[in-house]
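Summary of the model geometry
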Amino acid sequence: MELKNVTFLVIGELYLAINTNLEKVFLLDNITFDVLKAIKDQYDMKNIEMQYGTEIVDKVIKNWQELQRKGERKNRGQNDTEYIEFIADENRSKELVEGVFLVSQSCNMKCCYCYGEAGEFGNKGFMDKKMAEEYFRLFLKLGKSLKLQKVRFLGGEPFMNFPIIQHVVSLWEKWKKDYPLKTVLFSVTTNGTMFTEEILRYVAEKKISITISLDGPEIIQNQNRKFKDESPTFSSVLAGINMLRKYKINFAVRSTFTRTNDIDSIYQYFEKENFAASHVLPADFPLESPVRNYQLDLRTYGQYIDKEKEVFEKGRNDLKNGDTETFCAKQLKAAFESIKIRKDYYPFKCGAGWWIAAFSSDGYIYPCHRMVGNSLFRIGDIHKGIDYGALKQLYVKLFDNSENCTKCWANPFCKRRCLAERLDQNGEVIDVSDSLCNIYKDRIGNLLRLYITSNRSI
C-alpha cells in the first residue's frame, strides 16, 4: 500500500492524514490513524493484525485505498515538475483571470516599506491611452474562454492617472458586445488621499471596487506612510474614507505590519472600526537577520502569528454564537478561504504569471506587481504577449531549489510561498529556514483545526 506521500498528524483532538501528492486532507478516527501510521512506519503486519484484529486492518486498508483512488489526478502529471509542463504547453489555451494595470508609476506618498521605490518601479511616469488599450486588448485575448476577468488598477497611486482608468473602463463598455458571455470587474488599490467628487461619482456609477491602504491607528499610519514632503497622512486617508461612505461605496482596508509597529494596537484599531473587510499583512518575507527597519525578524513574525491566533479564537467563538460580522469572525472566514485546497489541482501559492499578470508602463509584462521593474522577471511584452517558456524557467528554478517543500505535509497549503518572496533581486532562490517553516506549519495546523472543528470540509 502506497503511503510514501502521506503524513500523519495529530492536531489538537484531530487525527489527520495529508496526502501531499493528491493534495487531500483526510480526517480519521484514532484506530484508522494508528493502523495506517503503523503500516507507514513499517511495523510487522502480523503484529499490527494481532493488536487491532485482521478484520479491522483489512477494512482500514480497503477504505483507504478507495479514498486514494477517488482523489487521483486526471490527465496531469503526478508531480509538480510534470504539471508545469502541462500548464506551459504552447498548445494549451491560457486563462488570464486577473490583470494588474500599473497605470501610475508615481505616487504622492513615500511609505517606509515600499518595494516599488516610492511607487515608481524603476520607470517613473504614467501609462498612456495607446499602451492601456493594447494591454487591455491582450488581456481579453488571454482570457477569451473565461466568463469572468478582473482588472486591478495599481500604482504608485492609480488615481494620479484617473483618465486612464476611465479609458480602460470605457473600452470594455465599447467592446463587451463582442464578448456576450463575459463579465469584467474593475478594482482600484489606493492610498485614499486623492478622491474628488468627480472620481467618487464615477466609481459609484461604474461599481468599481476600492481597497484603501491604511496601516492602523494614527501613530502607526503616520509612522509608516507619509506624504513625500514627510507630512502625516492619517487625517487625509480618514477624509477619503468618509467620502467613500458619503457615496455609499463599499471598500476594503489593507494594513501593512512592520517590525517597528505594535501588533496589538493595529488589531485593536481594526476591531473597533470593524470595516467591511480588513487585511493585516506583514510588510515582507520574514528574515533571520533583517537588513531594513521595516522587515520582520522571526521573533516579530512569531508575535504576529500569535496575535492572529488570538483573533481567530475570538472569531470562532463569534461564529458559534451567530455573530458572523464581527471583525474577528471576518478575519477567520478570510483565513479559511486562504487554506482551502483548490478543486482543480494547482502547484503554486498563487497564479503569478499563469492566471495573474502585471502590465507595466515600461511596456513589459511581469508575473506580479512586486516583480515589476526587474528585467530578470520579464515574462513578455505588450507586443508579443506572455512568454510561457520564460515563466516556466522561473518556476523550475524555484522547484529545483525546494526539494524539502515537496516532502512537507504543509505543501498543499504553503506551496513554497509566494514567487516574489522566494526570488531575490538577482533571480536567485531564497532559502526558507527550518525555524520559519515551523512557524508556517504551526499557523497552518492551527487553521486546519479551527476549520475542521467548525464543521467545514477541506
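Here, residues in each chain are numbered from 1, in the same order as that chain's written sequence. Totals for whole chains, interfaces and linings use all residues, but because this is a predicted model, local features are given only for residues with pLDDT of at least 70 and pairs of side-chain atoms are given and counted only at 80 or more. Only hydrogens and water are removed before side-chain values are computed, so all heavy atoms of the structure are retained for them.

**Thoughts on the sheet that holds strand β1 (residues 6-11)**
Put simply, the rule reads: Strands are treated as partners if at least two bridges between them are detected by DSSP. Put simply, DSSP H or I for four residues or longer makes a helix, DSSP E for two residues or longer makes a strand, and each gets a number counted from the N terminus. Lines fitted to C-alpha atoms define the axes, with helix axes restricted to the stretch in contact, and inter-axis angles between N-to-C directions lie between 0 and 180 degrees. Every residue pair with non-hydrogen atoms within 4.5 Å of one another is taken to be in contact.
Pairing is antiparallel in the open sheet, where 3 strands are placed in the order β1-β2-β3. In this open sheet, the two strands that pair with only one neighbour each are β1 and β3 (24-28). Averaged over all adjacent pairs, the angle separating strand axes in this sheet is 25°, with direction ignored. The strands that helix α1 (residues 30-40) touches are β1, β2 (14-19) and β3; relative to β1, the one it contacts most, it runs at about 140°. Its contacts with the sheet put helix α17 (residues 434-453) on β1, β2 and β3, and the angle it makes with β2 is roughly 115°.

**Describing unusual backbone geometry**
The amide bond that connects G155 to the next residue, G156, takes the cis arrangement and shows omega of 20°. Relative to the assigned elements, G156 resides in the loop between β7 (148-155) and α6 (162-175). Positive phi values are uncommon outside glycine, yet Q42 reaches one of about 65°. With respect to the element layout, Q42 can be found in the loop between α1 and α2 (45-52). The residue A118 is not glycine, and still its phi comes out positive at about 60°. Along the chain, A118 falls in the loop between β5 (109-111) and β6 (125-126).

**Details of the nonpolar core**
The condition that has to hold: Put simply, buried Ala, Val, Leu, Ile, Met, Phe, Trp, Tyr and Cys residues joined by side-chain atoms within 4.5 Å make one nonpolar core. Buried, partly exposed and exposed residues are distinguished by accessible area as a fraction of the type maximum, computed with a 1.4 Å probe on protein chains only: under 20%, between the cut-offs, and over 50%, respectively.
By size, the foremost hydrophobic cluster in this structure holds 107 residues, and its most contacted members are F101, F136, F153, F186 and I210. Those residues within four positions of I210 in sequence are excluded, and the remaining contacts are F159, V188, T190, F195, V203, L244, I249, N250, F251 and A252. Listed in part, the 22 residues of the second largest apolar core include I11, F336, I339 and L450.

**Observations regarding helix α10 (residues 263-273)**
Heads up, the rule is: To obtain the arc, one takes the directions from the helix axis to the C-beta atoms.
Within α10, burial applies to I263, I266, Y267, Y269 and F270. Along α10, the residues classed as buried sweep out an arc of 155° about the axis, all on the same side. Turned more than 90 degrees away from the buried face of α10 sit Q268 and K272, all of them exposed. Downstream of α10 by one or two residues, N274 has phi in the positive range, about 45°.

**Re the packing of α2 against helix α3 (residues 54-70)**
This is how it is decided: Under this scheme an angle from 65 to 115 degrees is roughly perpendicular, one under 35 degrees roughly parallel, and one over 145 degrees roughly antiparallel; angles in between are oblique. When residue character is reported, Ala, Val, Leu, Ile, Met, Phe, Trp, Tyr, Cys and Pro are called nonpolar, Asp, Glu, Lys and Arg charged, and the others, Gly included, polar.
It is the contact of α2 with α3, at a shortest axis distance of 6 Å, that shows an interaxial angle of 110°. Relative to α3, α2 is oriented roughly perpendicular. Listed contacts from α3 to M45, I48, E49 and Y52 of α2 are T54, I56, V57 and I61. When its residues are assigned to classes, the contact of α2 with α3 shows 6 nonpolar, 1 polar and 1 charged.

**Let's talk about the packing of aromatic side chains**
To keep things clear, this is the line we draw: Ring pairs are drawn from Phe, Tyr and Trp, using the six-membered ring of Trp, whenever the two centres fall within 6.5 Å, and their geometry is named by plane angle: stacked under 30 degrees, edge-to-face over 60, tilted for the rest. Charge over a ring is defined by NZ of Lys or CZ of Arg lying within 6 Å of the ring centre and within 35 degrees of the ring normal.
Inspection of every chain in the model, using the stated rule, returns 30 aromatic pairs. Both rings, one in F159 and one in F195, keep their centres 5.7 Å apart while their planes meet at 70°; by these two values the pair is edge-to-face. Residue F159 is found in the loop between β7 and α6, and its partner F195 is found in the loop between β8 (183-190) and α7 (197-206); the two are separated by 36 residues along the sequence. What makes F195 buried here is its relative accessible area of 10%. Ring centres of F162 and Y202 lie 5.5 Å apart, and the angle between their planes is 85°; this geometry places the pair in the edge-to-face category. Of this pair, F162 sits in helix α6 while Y202 sits in helix α7; the two residues are 40 residues apart in sequence, bridging distant segments of the chain. On the basis of relative accessibility, which here comes to 12%, the residue Y202 falls in the buried class. Counting every residue linked through ring pairs, the aromatic cluster contains F101, Y135, F136, F139, F153, W175, F186 and F359. Across the ring face of Y115, the terminal group of R370 is positioned such that the distance to the ring centre comes to 4.3 Å. Cation over ring: R378 sits above Y364, and NZ or CZ is 3.7 Å from the ring centre.

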